[in-house]
Amino acid sequence: MTAMEGKLPLSSCMLNGKLIHMRCVAHILNLIVKVGMSVMEKGIDSVRDLVAFWSATPKRHEKFEKMAIQMKGKYEKRIALDCKTRWNSTFVMLSTALLYQDVFERLSARAPCVPTSDDWQFARDLCERLKMFYDVTELLSGTSYVTANLFFPKITNIYLAIRMWQTSAIPKVEEMSAKMKEKFNKYWSDVHGLMAVAAVLDPRYKLQLLNALFLKIHGCESTAMEAVSKVKDLLYKLVLEYQDSMEGEATTDGAEPRTMSAASHMDDEEEPLLPRTQDLDIINWWQYAGLKYPTLRRIARDVLPIPMTTVASKSMFSTGGRIISPHRSRLAPSMVEALMCMQVWSRADMLGPNSTFVGALMTCLDEEDEDITY
């Protein structure tokens, strides 16, 4: 914090810099999964060895492909060995192998290793658990639609799932859950406050979402209400600070509501919730529908665009490092920008407008130290 004070006055930050320390959500998830995978790795060795055998040479893979087409009529997903240091590649390997379990079993006489039914079931159980993390990682890797209100319910659901795994009848799953929960709790307190405020600013959920999620987390209504009150207090403090900064400013949005009425807009009785099934552009909603709550509108403008992950910026720096090499160190800034834009645009054309780059994201995460913050 002292180093920050020398570069940026804390008075220019929200609540005098109390919210400036935030950990990258993508890195947190990556660390949580890695510590869990350290327990589960040995349980999938037989499936990994089988995939390694049939993907080792083009001739073996050709035999496997022909059998897959013969039995299933098509071969859309190619089997491939994972990289042990990247859990997302392990998920892809397992999910693909499970699609062709009957093909592997049909070819078992030609393979040196044959997974048992228990091995396949263990792989299926692990794959189901990894899918949740994989889906959230895909959400985090989006670049054109991710806003801070999306993260709190996703991360909370992950916590609830990890806790539920502790009741598993499989000893390894219990051990994995305990390690993942310990890692999760290490970072939870640093991120949940501001993420919860962002979720409250979603007109489809408001405080109703926090009431439901905190009740599931704590299991006690009084404890849950206490947790919700802390988030409300944080929101009220933000409203007071923003109102103080807006004093004397001329507005075209109408009279400024009093502190409590502005913040109480987030209560269900103040204004009905929007349908949860609605595909909402929340930035656009606050720009127009939020005109009658100018203080909350400014808070939403500052809070919702906060990146909960450093992956996009890290990826950009990595791209720049590949373009400006020792042999191309005299490129003009405009040329560097043009090359980087062309690379991104061409990749988007190949993969589609809504594509996500989970592989690139995991590369960035592997390069980072676990204590990185933004």
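Computed from a prediction, not measured in an experiment: that's the story for all the values here. (Residues numbered from 1 in each chain as written. Predicted model: local features only at pLDDT ≥ 70, side-chain atom pairs only at ≥ 80, totals over all residues. Heavy atoms only, no water.)

(A) Examining the overall build of the protein more closely. Looking only at helices and strands, the protein has 17 helices and zero strands in total. Counting over 374 residues, the protein shows a buried share of 45%. Expressed as a percentage of contacts within the protein between residues at least 6 apart in sequence, the contacts between residues at least 24 apart total 73%. For the protein, the accessible surface area stands at approximately 20100 Å², while carbon and sulfur atoms represent 54% of it. (Helix = DSSP H or I, 4+ residues; strand = E, 2+ residues; numbered from the N terminus. Buried < 20%, exposed > 50% of the residue type's maximum accessible area, 1.4 Å probe, protein only. Contact = heavy atoms within 4.5 Å. Areas by Shrake-Rupley, 256 points an atom, 1.4 Å probe, with all protein chains shown as cover.)

(B) View of the environment of Glu 174. One can find Glu 174 in helix α9 (residues 171-200). By relative accessible area, which is 36% here, Glu 174 ends up partly exposed. Every residue in contact with Glu 174, bar those within four places of it in the chain, is listed here: Trp 165, Gln 166 and Ser 168.

(C) View of the side chain of Thr 96. Following the sequence through the fold, Thr 96 ends up in helix α5 (residues 87-99). Once residues lying within four places of it in the same chain are set aside, the contact partners of Thr 96 are Lys 77, Arg 78 and Ile 79.

(D) Geometry of the pattern of salt bridges. Tallying each qualifying case throughout the model produces nine salt bridges. A salt bridge links Glu 41 to Arg 48, with the nearest nitrogen and oxygen atoms 2.8 Å apart. The same class applies to Glu 41 and to Arg 48, which are both buried. The residue Asp 45 makes a salt bridge to Arg 48 at a minimum N-O spacing of 3.3 Å. With Asp 45 and Arg 48 both in helix α3 (residues 45-54) and three residues apart, the pair spans about one turn of that helix. In the salt-bridge network here, residues are joined through shared partners; they are Glu 41, Asp 45, Arg 48 and Asp 82. (Salt bridge = Lys/Arg side-chain N within 4 Å of Asp/Glu carboxyl O.)

(E) A look at the packing of helix α2 (residues 25-40) against helix α7 (residues 117-140). It is at 10 Å that the axes of α2 and α7 come closest, and there the two elements cross at 170°. If you check the angle between α2 and α7, you find them roughly antiparallel. Seen from α2, the contacting residues are Val 25, Ala 26, Leu 29, Ile 32, Val 33, Met 37 and Met 40; seen from α7, they are Phe 122, Leu 126, Leu 130, Phe 133, Val 136 and Leu 140. Across the contact of α2 with α7, the residue classes break down as 13 nonpolar, no polar and no charged. (Axes fitted to C-alpha atoms, helices over the stretch in contact; angles between N-to-C directions. Parallel < 35°, antiparallel > 145°, perpendicular 65-115°, else oblique. Nonpolar A, V, L, I, M, F, W, Y, C, P; charged D, E, K, R; others polar.)

(F) Representation of the nonpolar core in the model. Ranked by internal contacts, the top residues of the largest apolar core, which has 98 residues, are Phe 104 and Phe 133. The greatest single-element share of this core, amounting to 13 residues, is contributed by α9. Excluding residues that lie within four positions of it along the chain, Phe 104 makes contacts with Leu 50, Val 51, Trp 54, Phe 64, Ile 79, Ala 97 and Trp 120. (Core = buried A, V, L, I, M, F, W, Y, C linked by side-chain atoms within 4.5 Å.)

(G) Layout of α3. Counting buried residues in α3 gives seven out of 10 residues, a clear majority hidden from the surface. Within the sequence span of α3, burial applies to Ser 46, Val 47, Arg 48, Leu 50, Val 51, Phe 53 and Trp 54. Buried positions along α3 lie against α4 (58-72), α5, α6 (101-106) and α7.

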